[in-house]
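For reference, the chains in residue letters:
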Amino acid sequence: MNMKIAILGGTGEQGFGLALRLAKNYEIIIGSRSREKAEESAERIKKILSSKKISYRNVIGMENREASREGDIVILSIPYQHTISTIKNLREELKGKIVVSIGVPLAGIIGDKPTRVILPPEGSVAEMVQQYLKDSKVVSAFQNVSAKVLECIDEPVDCDILICGDNEEAKRKVIEVVNSIEGCKGIDCGELEMSRYVEQITPILIGLNIKYKLKGSGIRITGLRM
Ligand SMILES: NC(=O)c1ccc[n+]([C@@H]2O[C@H](COP(=O)([O-])OP(=O)(O)OC[C@H]3O[C@@H](n4cnc5c(N)ncnc54)[C@H](OP(=O)(O)O)[C@@H]3O)[C@@H](O)[C@H]2O)c1
């Protein structure tokens, strides 16, 4: 577990929740377009964990480029519509690294329903990221867990995390990271192209949250003997 995890856009909802959960076992680098904003988020995370007497490894804030350089695993926690503009300038820093795509292409960005997706031509956000970062090992994860659930640090996360990717070793490492979160189980779902189906589960969960007034529904795969 001696790995540094950088979370680009870690100042936002999902990245912040992931950082809170992962800081227990990993050194966390919050990435942002603004170093100051990243450092503020890192301080806020440390304050929350300390107030709850949860021990953590180091949490620091950096500008996205520096965070990409420093992280062993880099999580892209950036809104779908800003993904390409963010990563196309970071190809060098992300070369050879495990890059975790967590994006869901919700149609809300074009003013449509939040229960629809507009898939990119590559098939999924994860495949689009791999297309732009040809020299990185892209793994898809965390699309079906809600930020609201992640931030409730007093409770285990009740959700399986579906993992897709073309590099077996990278997937294994991401599954290890996922399994470090109490209540999460990482499940290898095959090649990166399977992410197009995983990303399309999220609108169903959003619909359930609206219909049943839930904080954040999640998924469980039954029948597995792991
Ligand atoms: N929220 C959820 O429950 C949830 C669940 C599953 C998956 N996801 C996925 O997680 C990712 C992040 O979601 P989120 O809800 O955390 O998003 P968010 O809070 O709206 O944004 C995350 C961060 O992205 C950065 N950002 C905003 N505009 C940008 C731009 N023009 N260029 C570069 N960076 C920009 C901001 O960081 P700085 O201003 O600090 O640079 C912001 O804090 C998305 O891909 C989403 O689909 C979210």
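These numbers were taken from a predicted model, which means no experiment stands behind them. (Residues numbered from 1 in each chain as written. Predicted model: local features only at pLDDT ≥ 70, side-chain atom pairs only at ≥ 80, totals over all residues. Heavy atoms only, no water.)

All right, on to the pattern of salt bridges then. Taken as a whole, this structure holds 18 salt bridges when the rule is applied. Of the charged contacts in the structure, one is a salt bridge between Lys52 and Asp154, with a shortest N-O distance of 3.2 Å. Of this pair, Lys52 sits in the loop between helix H2 (35-51) and strand E3 (59-63) while Asp154 sits in the loop between helix H7 (147-151) and strand E7 (159-165); the two residues are 102 residues apart in sequence, bridging distant segments of the chain. Among the residues examined, Asp154 registers a relative accessible area of 60% and is labelled exposed. Across the salt bridge formed by Glu155 and Lys215, the nearest N and O atoms sit 3.6 Å from each other. (Salt bridge = Lys/Arg side-chain N within 4 Å of Asp/Glu carboxyl O. Helix = DSSP H or I, 4+ residues; strand = E, 2+ residues; numbered from the N terminus. Buried < 20%, exposed > 50% of the residue type's maximum accessible area, 1.4 Å probe, protein only.)

Moving on, we come to the UniProt feature "domain: Pyrroline-5-carboxylate reductase catalytic N-terminal" (unreviewed entry) in the protein chain. This chain's UniProt record puts "domain: Pyrroline-5-carboxylate reductase catalytic N-terminal" (unreviewed entry) on residues 4-104. In this annotation, residues 4-104 is assigned 43% helix and 24% strand; the end-to-end C-alpha distance for the span is 24 Å. (UniProt positions renumbered as here; feature names shortened; annotations may be inferred.)

What follows is about helix H8 (residues 168-179). With 12 residues, H8 extends 16 Å from end C-alpha to end C-alpha; this agrees with the ideal 16 Å at 1.5 Å per step. Residues of H8 that are buried: Ala170, Lys171, Val174, Ile175, Val177 and Val178. Buried residues in H8, looked at end-on, bunch into an arc of 155°, giving them a common side. The distance from a side-chain oxygen at the start of H8 to the backbone nitrogen of Glu169 is 3.2 Å, and the residue carrying that oxygen is Asn167. (Expected span 1.5 Å × (residues − 1). Arc of directions from axis to C-beta. Polar contact = N/O pair within 3.5 Å; in protein donor to acceptor, adjacent residues only side chain to side chain.)

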